[in-house]
Amino acid sequence: ALLGENGAGKSTLIKMLGGAHQPDKGCIRINGRDVRLDRPADANAAGIGIIYQEFNLIPDLSVWENIFLGRESGLGLVHRSAEQRRAAELFAQIGVAIPVNAPCRSLSISQQQIVEIAKALSQDVRLIVMDEPSATLTPEEVQRLFKIIRDLTQRDIGVIYISHRLDEIFEIADRVMVLRDGERV
(Lines give C-alpha, C1' and ligand atoms only; values in the text may rest on other atoms or scores of the structure.)
Protein backbone atom coordinates (compact mmCIF):
# COMPACT_ATOMS: atom_id res chain seq x y z
CA ALA A 1 0.00 0.00 0.00
CA LEU A 2 1.03 3.56 -0.58
CA LEU A 3 0.05 6.06 2.07
CA GLY A 4 0.58 9.79 2.46
CA GLU A 5 -1.22 13.03 3.05
CA ASN A 6 -2.31 15.32 0.23
CA GLY A 7 0.74 16.69 -1.56
CA ALA A 8 2.99 13.83 -0.41
CA GLY A 9 3.75 12.71 -3.98
CA LYS A 10 1.36 9.78 -4.46
CA SER A 11 -0.21 11.18 -7.63
CA THR A 12 3.20 12.10 -9.03
CA LEU A 13 4.42 8.56 -8.43
CA ILE A 14 1.33 7.17 -10.17
CA LYS A 15 1.96 9.43 -13.17
CA MET A 16 5.60 8.28 -13.34
CA LEU A 17 4.57 4.62 -13.21
CA GLY A 18 1.96 5.32 -15.89
CA GLY A 19 4.50 6.97 -18.22
CA ALA A 20 2.95 10.43 -18.03
CA HIS A 21 5.76 12.09 -16.01
CA GLN A 22 9.49 11.46 -15.75
CA PRO A 23 11.34 11.24 -12.43
CA ASP A 24 13.56 14.21 -11.57
CA LYS A 25 15.95 11.84 -9.87
CA GLY A 26 16.21 8.15 -9.09
CA CYS A 27 14.95 5.36 -11.29
CA ILE A 28 12.08 2.98 -11.80
CA ARG A 29 12.98 -0.69 -11.51
CA ILE A 30 10.91 -3.65 -12.56
CA ASN A 31 12.20 -7.12 -11.71
CA GLY A 32 15.58 -5.63 -10.84
CA ARG A 33 16.00 -3.80 -14.16
CA ASP A 34 15.90 -0.05 -14.68
CA VAL A 35 13.12 0.97 -17.05
CA ARG A 36 12.29 4.23 -18.73
CA LEU A 37 8.61 4.98 -19.06
CA ASP A 38 8.39 7.94 -21.44
CA ARG A 39 4.73 7.45 -22.34
CA PRO A 40 1.75 5.34 -21.32
CA ALA A 41 2.53 2.77 -24.03
CA ASP A 42 5.90 2.14 -22.33
CA ALA A 43 4.12 1.50 -19.03
CA ASN A 44 1.74 -0.93 -20.76
CA ALA A 45 4.67 -2.71 -22.42
CA ALA A 46 6.37 -2.96 -19.02
CA GLY A 47 3.26 -4.65 -17.61
CA ILE A 48 1.96 -1.73 -15.53
CA GLY A 49 -1.74 -0.93 -15.40
CA ILE A 50 -3.11 2.17 -13.68
CA ILE A 51 -6.65 2.44 -12.37
CA TYR A 52 -7.20 6.10 -11.64
CA GLN A 53 -9.71 7.45 -9.18
CA GLU A 54 -11.63 8.90 -12.13
CA PHE A 55 -12.41 5.98 -14.41
CA ASN A 56 -11.35 6.07 -18.04
CA LEU A 57 -14.49 4.51 -19.52
CA ILE A 58 -16.72 5.74 -22.35
CA PRO A 59 -20.27 5.57 -20.95
CA ASP A 60 -22.04 4.84 -24.25
CA LEU A 61 -19.70 2.01 -25.28
CA SER A 62 -20.31 -1.52 -24.10
CA VAL A 63 -18.24 -3.16 -21.41
CA TRP A 64 -16.24 -5.23 -23.91
CA GLU A 65 -15.69 -2.24 -26.20
CA ASN A 66 -14.26 -0.28 -23.27
CA ILE A 67 -11.93 -3.13 -22.36
CA PHE A 68 -10.46 -3.33 -25.87
CA LEU A 69 -10.77 0.33 -26.92
CA GLY A 70 -7.72 1.31 -28.92
CA ARG A 71 -6.62 -2.32 -29.22
CA GLU A 72 -9.43 -3.72 -31.32
CA SER A 73 -8.49 -6.92 -33.10
CA GLY A 74 -10.19 -5.87 -36.33
CA LEU A 75 -13.56 -5.38 -37.90
CA GLY A 76 -16.27 -7.93 -38.26
CA LEU A 77 -18.42 -10.26 -36.26
CA VAL A 78 -15.68 -12.84 -35.66
CA HIS A 79 -13.36 -10.34 -33.99
CA ARG A 80 -16.17 -8.81 -31.95
CA SER A 81 -17.30 -12.18 -30.67
CA ALA A 82 -13.69 -13.11 -29.80
CA GLU A 83 -13.32 -9.89 -27.81
CA GLN A 84 -16.66 -10.49 -26.10
CA ARG A 85 -15.53 -14.01 -25.15
CA ARG A 86 -12.20 -12.69 -23.88
CA ALA A 87 -14.02 -10.04 -21.78
CA ALA A 88 -16.24 -12.75 -20.28
CA GLU A 89 -13.11 -14.84 -19.52
CA LEU A 90 -11.52 -11.88 -17.75
CA PHE A 91 -14.58 -11.46 -15.54
CA ALA A 92 -14.57 -15.19 -14.83
CA GLN A 93 -10.91 -14.90 -13.74
CA ILE A 94 -11.88 -12.10 -11.38
CA GLY A 95 -14.89 -14.09 -10.18
CA VAL A 96 -17.51 -11.50 -11.12
CA ALA A 97 -20.35 -11.68 -13.62
CA ILE A 98 -20.79 -8.47 -15.61
CA PRO A 99 -22.75 -8.48 -18.88
CA VAL A 100 -20.16 -7.71 -21.57
CA ASN A 101 -22.70 -6.11 -23.93
CA ALA A 102 -24.09 -3.68 -21.34
CA PRO A 103 -23.24 -0.01 -21.86
CA CYS A 104 -20.86 1.19 -19.15
CA ARG A 105 -23.30 3.96 -18.18
CA SER A 106 -25.67 1.27 -16.88
CA LEU A 107 -23.13 -0.17 -14.42
CA SER A 108 -22.69 0.65 -10.76
CA ILE A 109 -19.48 2.37 -9.63
CA SER A 110 -18.09 -0.91 -8.29
CA GLN A 111 -18.86 -2.67 -11.59
CA GLN A 112 -17.13 0.13 -13.51
CA GLN A 113 -14.10 -0.35 -11.30
CA ILE A 114 -14.12 -4.07 -12.12
CA VAL A 115 -14.26 -3.18 -15.83
CA GLU A 116 -11.12 -1.06 -15.26
CA ILE A 117 -9.44 -4.04 -13.58
CA ALA A 118 -10.45 -6.30 -16.47
CA LYS A 119 -9.10 -3.73 -18.93
CA ALA A 120 -5.75 -3.79 -17.13
CA LEU A 121 -5.70 -7.60 -17.04
CA SER A 122 -6.48 -7.74 -20.77
CA GLN A 123 -3.07 -6.14 -21.32
CA ASP A 124 -1.21 -8.85 -19.40
CA VAL A 125 -0.16 -6.57 -16.57
CA ARG A 126 2.17 -7.71 -13.82
CA LEU A 127 1.46 -4.66 -11.63
CA ILE A 128 -1.82 -2.80 -11.09
CA VAL A 129 -1.84 0.57 -9.35
CA MET A 130 -5.19 1.40 -7.74
CA ASP A 131 -5.66 5.03 -6.75
CA GLU A 132 -8.19 5.40 -3.92
CA PRO A 133 -10.23 2.45 -5.22
CA SER A 134 -12.65 2.34 -2.31
CA ALA A 135 -13.52 6.04 -2.24
CA THR A 136 -17.08 5.55 -3.53
CA LEU A 137 -17.70 1.91 -2.59
CA THR A 138 -19.98 0.48 0.07
CA PRO A 139 -18.39 -1.73 2.76
CA GLU A 140 -19.70 -4.84 0.95
CA GLU A 141 -18.21 -3.64 -2.36
CA VAL A 142 -14.89 -2.94 -0.62
CA GLN A 143 -14.80 -6.54 0.62
CA ARG A 144 -15.49 -7.77 -2.93
CA LEU A 145 -12.64 -5.57 -4.17
CA PHE A 146 -10.34 -7.00 -1.49
CA LYS A 147 -11.18 -10.52 -2.62
CA ILE A 148 -10.27 -9.56 -6.19
CA ILE A 149 -7.00 -8.04 -4.99
CA ARG A 150 -6.15 -11.19 -3.00
CA ASP A 151 -6.89 -13.33 -6.06
CA LEU A 152 -4.66 -11.10 -8.22
CA THR A 153 -1.75 -11.28 -5.78
CA GLN A 154 -2.09 -15.08 -5.56
CA ARG A 155 -1.61 -15.07 -9.34
CA ASP A 156 1.63 -13.06 -8.86
CA ILE A 157 0.12 -9.81 -10.07
CA GLY A 158 1.41 -7.01 -7.88
CA VAL A 159 -1.01 -4.40 -6.58
CA ILE A 160 -0.15 -0.96 -5.28
CA TYR A 161 -3.14 0.11 -3.24
CA ILE A 162 -3.36 3.83 -2.50
CA SER A 163 -5.70 4.94 0.24
CA HIS A 164 -6.15 7.31 3.16
CA ARG A 165 -8.15 4.69 5.04
CA LEU A 166 -5.84 3.02 7.54
CA ASP A 167 -8.30 0.23 8.37
CA GLU A 168 -8.24 -0.84 4.70
CA ILE A 169 -4.45 -0.61 4.51
CA PHE A 170 -4.08 -2.84 7.56
CA GLU A 171 -6.55 -5.35 6.14
CA ILE A 172 -5.27 -5.64 2.58
CA ALA A 173 -1.58 -4.70 2.48
CA ASP A 174 1.38 -6.90 3.24
CA ARG A 175 3.75 -3.91 2.97
CA VAL A 176 3.17 -0.18 3.42
CA MET A 177 5.22 2.71 2.09
CA VAL A 178 4.54 6.17 3.48
CA LEU A 179 5.41 9.25 1.42
CA ARG A 180 5.96 12.76 2.70
CA ASP A 181 7.08 15.63 0.46
CA GLY A 182 8.00 13.16 -2.30
CA GLU A 183 10.28 11.15 -0.03
CA ARG A 184 9.85 7.74 1.51
CA VAL A 185 9.34 7.98 5.28
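Residue positions are given per chain, counting from 1 as you read along its sequence in written order. Where totals are concerned, whole chains, interfaces and linings use all residues; where local detail is concerned, this predicted model gives features only for residues with pLDDT of at least 70, and gives and counts side-chain atom pairs only at 80 or more. Processing note: side-chain calculations cover all non-hydrogen atoms of the structure and skip hydrogens and water entirely.

Visitor: So what's going on with unusual backbone geometry? Residues and values would help.
Guide: In this structure, D124 is a non-glycine residue whose phi angle is positive, near 55 degrees. If you trace the backbone, D124 turns up in the loop between α5 (109–121) and β5 (127–131). Note on classification: 1.4 Å probe, protein chains only; a residue is buried when its accessible area is under 20% of the maximum for its type, exposed when over 50%, partly exposed between these limits. On the basis of relative accessibility, which here comes to 59%, the residue D124 falls in the exposed class. The phi dihedral of E132 falls on the positive side, at around 50 degrees, and the residue is not glycine. Under the scheme used here, helices are H or I runs from DSSP no shorter than 4 residues and strands are E runs no shorter than 2 residues, and both carry numbers assigned from the N terminus. Secondary-structure assignment places E132 in the loop between β5 and α6 (139–154).

Visitor: Could you give an account of the packing of α5 against α6, naming the residues involved and the relevant values?
Guide: Lines fitted to C-alpha atoms define the axes, with helix axes restricted to the stretch in contact, and inter-axis angles between N-to-C directions lie between 0 and 180 degrees. Look at α5 against α6: their axes get within 11 Å of each other, and the N-to-C directions meet at 10 degrees. Of the possible angle classes, the one that applies to α5 and α6 is roughly parallel. When the axes of α5 and α6 are compared, the crossing they make is right-handed. Residues S110, Q113, I114, I117 and L121 of α5 touch α6, and the partners they reach there are E141, R144, L145, I148 and L152. Residue type decides the class: Asp, Glu, Lys and Arg count as charged, Ala, Val, Leu, Ile, Met, Phe, Trp, Tyr, Cys and Pro as nonpolar, and the leftover types, Gly among them, as polar. Residues of the contact of α5 with α6, tallied by class, amount to six nonpolar, two polar and two charged. What sets the label is the angle itself: under 35 degrees gives roughly parallel, over 145 gives roughly antiparallel, 65 to 115 gives roughly perpendicular, and the rest give oblique. The sense of a crossing depends on the near helix, which, turned anticlockwise from the far helix by less than a right angle, makes the crossing left-handed and, turned clockwise, makes it right-handed. Here, two residues are considered to be in contact whenever any of their heavy atoms come within 4.5 Å of each other.

Visitor: Before we move on, can you summarise the environment of V63 with the specific residues and values?
Guide: Inspection of the secondary structure puts V63 in helix α3 (residues 63–68). Residue V63 is classed as buried on the basis of its relative accessible area, which comes to 0%. Each C-alpha atom of the pair V63 and L127 lies 22 Å from the other, and the pair is 64 residues apart in sequence. When residues no more than four places from it in sequence are discounted, the contact partners of V63 are F91, I98, P99, V100, A102, C104, L107 and V115.

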